[in-house]
Amino acid sequence: MLPELDDLNTFRDALRTAPGPDGDALQGAADRNGQLTKPPGALGRLEELAIWYAGWRGDAQPRIEAPQVIVFAGNHGVTAQGVSAFPPEVTAQMVLNFEHGGAAINQLAKAAGARMTVQALDLDRPTADFTQGPAMTEAELLDALRTGWRAVDPDADLLVVGEMGIGNTTPAAAIACALFGGEAADWTGRGTGVDDAGLANKTRVVAEGVALHGGSGDGLEILRCLGGRELAAMAGAIAAARVLRIPVILDGFICTAAAACLDRVAPGALDHAVAGHQSAEGAHAAMLGKLDKEPLLNLGLRLGEGSGGALAINILKSAVACHSGMATFTEAGVSEG
Ligand SMILES: O=C(O)c1ccc[n+]([C@@H]2O[C@H](COP(=O)([O-])O)[C@@H](O)[C@H]2O)c1
Ligand SMILES: Cc1cc2nc[nH]c2cc1C
């Protein structure tokens, strides 16, 4: 059961007291894995994934039947600084495209057998430009966290969260820099495709935001000051999934930055999440490294929308199908080595 999110401390407490995986299911799944008709370890990382999934679902022989994909959309005041190759109106235009089934994520979610929904967050009220002040008030952050928190279907058995938000690789880079240190240039990339001058300007913007707000060590304060509504909604959904013991597949650069704020609030808060892919946005690999997450795919995607996460649903489904559907040596009458 999900508690109501009355305030930010309720959210922090929910994350800090959320349950871990089920020890019996983990042990049962590991035992079953050892009896399946294959040489030990021959399914590589699929074996570890299936056992991880079984632990979080509390079932040594689980199935994936109800994956959910949620795309959150938000607009960013920092786009006034010329940080994106595209104009901010594209966010709302793409939301319509998602609703009409015309975006990449519609096709990828369908191919993965997942139910997909889109939630736009106050698109006509962009966040404040973080070089001038905090991107969001506490009330705005709480509202956005709640939108994500409530969007998770308690009956889902796997969650992918994605985003749409022109300009949002800038907040994502600023969050990474504030959380993990280093220079703004280490975390700033081309996003939708800014040119060299655009990249230099974007790096300056990230550096200014981190200089103004980066001092707080608190994950939610960094998310509030440097983030955006769709990032906060993704964080809220990932946290809700943790409480509901629904495993999560992370998407790209922006999704991972939002998730990283949760790990700062409660180390281990992302233990129920795997990295779906490594984005072509340059600093994604370093961010995944900081979170100790090995991506499942590396296909050069830099789309967002949950696309890399949705693609990885098929990998996880396949891992679980093998684990739960294969015969044991005894059942199949195959001689063990
Ligand atoms: O997921 C990623 O790794 C990713 C990398 C680069 C761009 N994006 C998408 O592109 C938009 C942000 O790019 P930008 O250049 O406007 O900051 C936003 O809608 C994201 O979904 C997404
Ligand atoms: C067209 C377009 C589609 C997107 N999907 C996610 N981010 C995007 C950015 C643009 C510009």
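Residues numbered from 1 in each chain as written. Chains lettered and ligands numbered in written order. Predicted model: local features only at pLDDT ≥ 70, side-chain atom pairs only at ≥ 80, totals over all residues.

Attention shifts here to the overall build of the protein chain. Regarding its fold elements, the protein chain presents 15 helices and five strands. Considering only C-alpha atoms, the protein chain reaches an extent of 70 × 40 × 40 Å along its principal axes. Here the contacts in the protein chain between residues at least 6 apart in sequence split such that 80% fall between residues at least 24 apart. (Helix = DSSP H or I, 4+ residues; strand = E, 2+ residues; numbered from the N terminus. Contact = placed C-beta atoms within 7 Å.)

Ligand 2 sits among Phe86, Val90, Met94, Met164, Thr192, Leu303, Gly304 and Glu305. Looking at the shell around ligand 2 residue by residue, the classes come out as five nonpolar, two polar and one charged. (Near = placed C-beta within 6 Å. Nonpolar A, V, L, I, M, F, W, Y, C, P; charged D, E, K, R; others polar.)

A word on the site of ligand 1. The environment of ligand 1 is formed by 24 residues, the closest being Ser84, Gly191, Gly252, Ser279 and Gly304. The set of elements that each furnish at least two residues to the shell around ligand 1 consists of strand S3 (158-164), helix H7 (169-180) and helix H12 (253-265). Split by residue class, the shell around ligand 1 holds seven nonpolar, twelve polar and five charged.

Taking strand neighbours across the sheet as the criterion, the five strands line up as S2-S1-S3-S4-S5 in an open arrangement whose pairing is parallel. Where the open sheet ends on each side, the last strands, each with one partner, are strand S2 (115-120) and strand S5 (273-275). With direction set aside, neighbouring strand axes in the sheet form an average angle of 25°. Sheet topology note: the strand S4 (residues 248-250)/S5 ladder contains three bridges and is parallel. Along S5, the bridge assignment pairs Ile249 with Val274. The sheet contacts of helix H4 (residues 89-99) involve strand S1 (67-73), S2 and S3, and relative to S2 the element is tilted by about 150°. Sitting on the sheet, helix H11 (residues 229-244) touches S1, S2, S3, S4 and S5, and the angle it makes with S3 is about 175°. (Pairing = 2+ DSSP bridges. Axes fitted to C-alpha atoms, helices over the stretch in contact; angles between N-to-C directions.)

Counting 108 residues, the largest nonpolar core has Ile175, Ala176, Ala235, Ala237 and Ile238 as its most contacted members. Each of domain 1 (22-62 + 323-332) and domain 2 (67-321) gives at least three residues to this core. Those residues within four positions of Ala237 in sequence are excluded, and the remaining contacts are Ile70, Gly148, Trp149, Ala151, Val152, Leu159 and Val161. (Core = buried A, V, L, I, M, F, W, Y, C linked by C-beta atoms within 7 Å. Buried ≥ 20, exposed ≤ 12 C-beta atoms within 10 Å, placed from the backbone. Domains from an automatic or database assignment.)

The terminal C-alpha atoms of helix H2 (residues 23-35), which comprises 13 residues, lie 19 Å apart, in line with the 18 Å expected from a rise of 1.5 Å per residue. If you check which residues of H2 are buried, you get Ala25, Ala29 and Asn33. All buried residues of H2 fall inside an arc of 70° around its axis, so they share one side. For H2, the exposed residues lying more than 90 degrees away from the buried face are Gly23, Asp24, Asp31 and Gly34. (Expected span 1.5 Å × (residues − 1). Arc of directions from axis to C-beta.)

Turning to the pairing of S2, a few remarks are in order. Here S2 shows a clear split, with Met116, Val118 and Ala120 buried on one side and none of Arg115, Thr117 and Gln119 buried on the other. Pairing of S1 with S2 involves six bridges; the strand directions are parallel. Across the sheet, Val71 pairs through a bridge with Val118, a residue of S2.

When the domains of the protein chain are assigned, the result is domain 1 (22-62 + 323-332) and domain 2 (67-321). The straight-line distance from the C-alpha centre of domain 1 to that of domain 2 is 32 Å. Listed as interface residues are eleven residues of domain 1 and, on the opposing side, nine residues of domain 2. Secondary structure elements with two or more residues in the side of domain 1 that touches domain 2: helix H3 (45-57) and helix H14 (307-325). Ranked by the residues each element gives to the side of domain 1 that touches domain 2, the list is headed by H3, at six residues. Across the side of domain 1 that touches domain 2, the residue classes tally to six nonpolar, four polar and one charged.

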